[in-house]
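# Observations on the model geometry
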Amino acid sequence: MQDFLIIGGGIAGISAAARLSHLGRVTLLEAEPALGYHASGRSAALFEPRYGLAPVVELSLASEDHHRHAHGGVLSPRGMMIVARESEAAAFAEDIADMALEQISLAEARAIVPILNPDAVALAAFADHAWDIDTDLLIQNFLREARGNGAEVVTGARVTGIARDAGGWTVTSAAGSHSGRMLVNAAGAWVDGVAQMAGVRPLGHQPNRRSMARIPAPGGHDLNRWPMVFGAGEGWYCKPDAGALIVSPAEEHPMDPHDAWADDMVLAEGLARYEEMVTEPVTRMISNWAGLRTFAPDRVLVIGPDPRVPDFFWLAGQGGYGFQTCPGASQLAADLIAGRAPGLDAATVAALSPARFG
């Protein structure tokens, strides 16, 4: 019997496997044939520690040192910009206050992103406290740590049954049965389904689709130094990606858990919102995809033992914050499981706990 069974091979489960491998024997089960297949493989991969509600920000700040320094670091400079029409002034002001951006002139903004449309963009703000995350390197670093401590990683292991007895948990999967003392639910969009299968009360997590389109570099520009650009109120965004540009309508459409794909009409609407704010038209799409961003009802991550079933541990509700918070989230999980005092303050730990749902 293992000490820890982790269900879910996205960045939440992988980082938890690395941390828990220092505490005991770990088996991680992933339903798909590869790790990071769903939301973790479809992320915009930006580290902006001021993005999100207060407990999320605290987790992001707790993750910064690991992102910068562990194994040589995984961050590279990107920066972020918010642009808005005059009619969007209220949303623009709220955005720049929340994320500590500095308002700049349109001329300054166009010096950074020359395709901004002066007939549409009236307001702009910029900050350099945003970085690209090398997500593949981050995953491989955590995997190397986990496997180096003897963790077992099983792919193609879609869970079909979960049973609990006095000794712990038995999980039946397409790759066989596995037993463990503690069950860690890091199943992304499927977390509430895993809870139901285990006889644990679901918490109301909601997967939401977000779509992406990859387009050629607008006007043939070198995008290397361009920041990530958001429309006010996150009505759309674009981000340089390996010489091309990814554009998202930034939608949040509630979905049942599934292997998500982009909706053509939603993409078209998002690309149209982007096009209104720039001078270069979208002439073709290289590729498109979608992922599910799963939130708890209060849009804060859920990290901690279930209050009714303490050997069932929630590591869920990452939403759009999974990569940027995973060092802090996985460390908190390990601290709670080990009975150590967490590095986060007590109010933040309580705000993240599943006990907050009663």
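None of these values were measured; they are calculated from a predicted model. (Residues numbered from 1 in each chain as written. Predicted model: local features only at pLDDT ≥ 70, side-chain atom pairs only at ≥ 80, totals over all residues. Heavy atoms only, no water.)

This next bit is on the packing of aromatic side chains. Aromatic rings considered in pairs are described by the distance between their centres and by the relative angle of their planes. With the rule as written, the count across this model stands at 7 aromatic pairs. Centre to centre, the rings of Phe47 and Trp131 are 6.2 Å apart; their planes meet at 35 degrees, and the pair counts as tilted. Taken together, the residues Phe47 in strand E3 (residues 46–47) and Trp131 in strand E8 (residues 131–133) connect sequence positions 84 residues apart. A residue is classified by how much of its surface remains accessible, and Phe47, at 0% relative accessible area, is buried. Put simply, the rings of Tyr51, Phe295 and Tyr321 pair up and form one aromatic cluster. A cation over a ring is seen here: Arg299 above Phe295, with NZ or CZ 3.8 Å from the ring centre. (Phe/Tyr/Trp six-rings, centres within 6.5 Å; stacked < 30°, edge-to-face > 60°. Helix = DSSP H or I, 4+ residues; strand = E, 2+ residues; numbered from the N terminus. Buried < 20%, exposed > 50% of the residue type's maximum accessible area, 1.4 Å probe, protein only. Lys NZ or Arg CZ within 6 Å of the ring centre and 35° of its normal.)

This part is about the pattern of salt bridges. Under the criterion given, the structure shown has 15 salt bridges. Arg158 serves as the salt-bridge partner of Glu32, at 3.1 Å between the closest nitrogen and oxygen. Within this pair, whereas Glu32 is found in the loop between strand E2 (26–29) and E3, its partner Arg158 is found in the loop between strand E9 (152–154) and strand E10 (159–165), the two being separated by 126 residues in sequence. With a relative accessible area of 39%, Arg158 lands in the partly exposed category. For the salt bridge of Arg210 with Glu234, the shortest nitrogen-to-oxygen distance reads 2.8 Å. (Salt bridge = Lys/Arg side-chain N within 4 Å of Asp/Glu carboxyl O.)

Here we take up the side chain of Thr294. With respect to the helices and strands, the residue Thr294 is situated in strand E18 (residues 287–295). Not counting the four nearest positions on each side in its chain, Thr294 is found in contact with Gly188, Ala189, His205, Gln206, Pro207, Gly317, Gln318 and Gly319. (Contact = heavy atoms within 4.5 Å.)

Let's shift gears to the sheet that holds E8. Reading across from one edge, E3-E8-E4 is the order of the 3 strands in this open sheet, with antiparallel pairing throughout. Looking along the sheet, the strands with just one partner apiece sit at the ends: E3 and strand E4 (75–77). (Pairing = 2+ DSSP bridges.)

Taking 1.5 Å per residue, 17 residues should reach 24 Å; helix H8 (residues 322–338) reaches 22 Å between its end C-alpha atoms and fits that length. Considering bend angle alone, the principal kink of H8 is centred on Gly328 and spans about 35 degrees. Counting buried positions along H8 gives 14 out of 17 residues, so the element sits mostly inside the fold. Remark: Gly339 follows H8 within two positions and exhibits a positive phi of approximately 75 degrees. (Expected span 1.5 Å × (residues − 1). Bend = angle between axes of the 7 residues up to and from the residue.)

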